[in-house]
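Observations on the model geometry
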Amino acid sequence: MLVLTRKPRQQIMIGDNIVINVVEVQGDNVRIAIDAPRDIKIYRGEIYRAIQEENQQAAAPVPMDLDLSAGLPKN
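Since the model is a prediction, treat every value here as computed from it, not as a measurement. (Residues numbered from 1 in each chain as written. Predicted model: local features only at pLDDT ≥ 70, side-chain atom pairs only at ≥ 80, totals over all residues. Heavy atoms only, no water.)

**Overview of the overall build of the protein chain**
- Counting secondary structure elements, the protein chain contains 1 helix and 3 strands.
- Start at the N end of the protein chain and walk to the C end: the helices and strands fall as β-β-β-α.
- Scored against the burial criterion, the 75 residues of the protein chain give a buried share of 5%.
- At a minimum sequence separation of 6, the contacts of the protein chain that also span at least 24 residues come to 0%.
- Of the roughly 7500 Å² that the protein chain leaves accessible, carbon and sulfur atoms contribute 53%. (Helix = DSSP H or I, 4+ residues; strand = E, 2+ residues; numbered from the N terminus. Buried < 20%, exposed > 50% of the residue type's maximum accessible area, 1.4 Å probe, protein only. Contact = heavy atoms within 4.5 Å. Areas by Shrake-Rupley, 256 points an atom, 1.4 Å probe, with all protein chains shown as cover.)

Shown next as structure tokens:
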């Protein structure tokens, strides 16, 4: 992990095409602007974790009763 100290109007470059701009600092809050290509997905951490949880739940196997004879009429 890289930890940087930046002031308002300073930037952080990620690769050749992602720019993080520090817009404003007020107490414990920092406002940033991210300039990145449209194909780069950007999420807040809590939203990303919620998406990951939802994906894991959707991919989890669903228990099923595979006893096929239970609903069939007897001869």
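So, next bit.
**Structural notes on the pairing of strand β1 (residues 11-14)**
- Where β1 and strand β2 (residues 18-26) come together, 4 bridges link them in antiparallel fashion. The partner of Ile-14 across the bridge, within β2, is Ile-18.
- Joining the antiparallel neighbours β1 and β2 is a turn of 3 residues, in which Gly-15 adopts a positive phi near 65°. (Pairing = 2+ DSSP bridges.)

**Description of the pattern of salt bridges**
- This structure, assessed with the given rule, holds 2 salt bridges.
- Measuring nitrogen to oxygen at the nearest pair gives 3.5 Å for the salt bridge that ties Glu-24 to Arg-31.
- Among the salt bridges present, the one from Arg-44 reaches Glu-46, with a minimum N-O distance of 2.8 Å.
- Judged by its relative accessible area of 54%, Arg-44 is exposed. (Salt bridge = Lys/Arg side-chain N within 4 Å of Asp/Glu carboxyl O.)

**So, the pairing of strand β3 (residues 29-35)**
- Summarising the sheet, β2 and β3 pair through 7 bridges and their orientation is antiparallel. Considered in β3, the bridge of Glu-24 is made with Arg-31.

**Focus: the sheet that holds β2**
- One open sheet accounts for 3 strands, arranged β1-β2-β3; its pairing is antiparallel. Here the strands that pair on one side only, and so sit at the sheet edges, are β1 and β3. Sheet twist, expressed as the average angle between the axes of neighbouring strands with direction ignored, equals 25°. (Axes fitted to C-alpha atoms, helices over the stretch in contact; angles between N-to-C directions.)

Everything listed is a geometric property; what it means functionally is a separate question.
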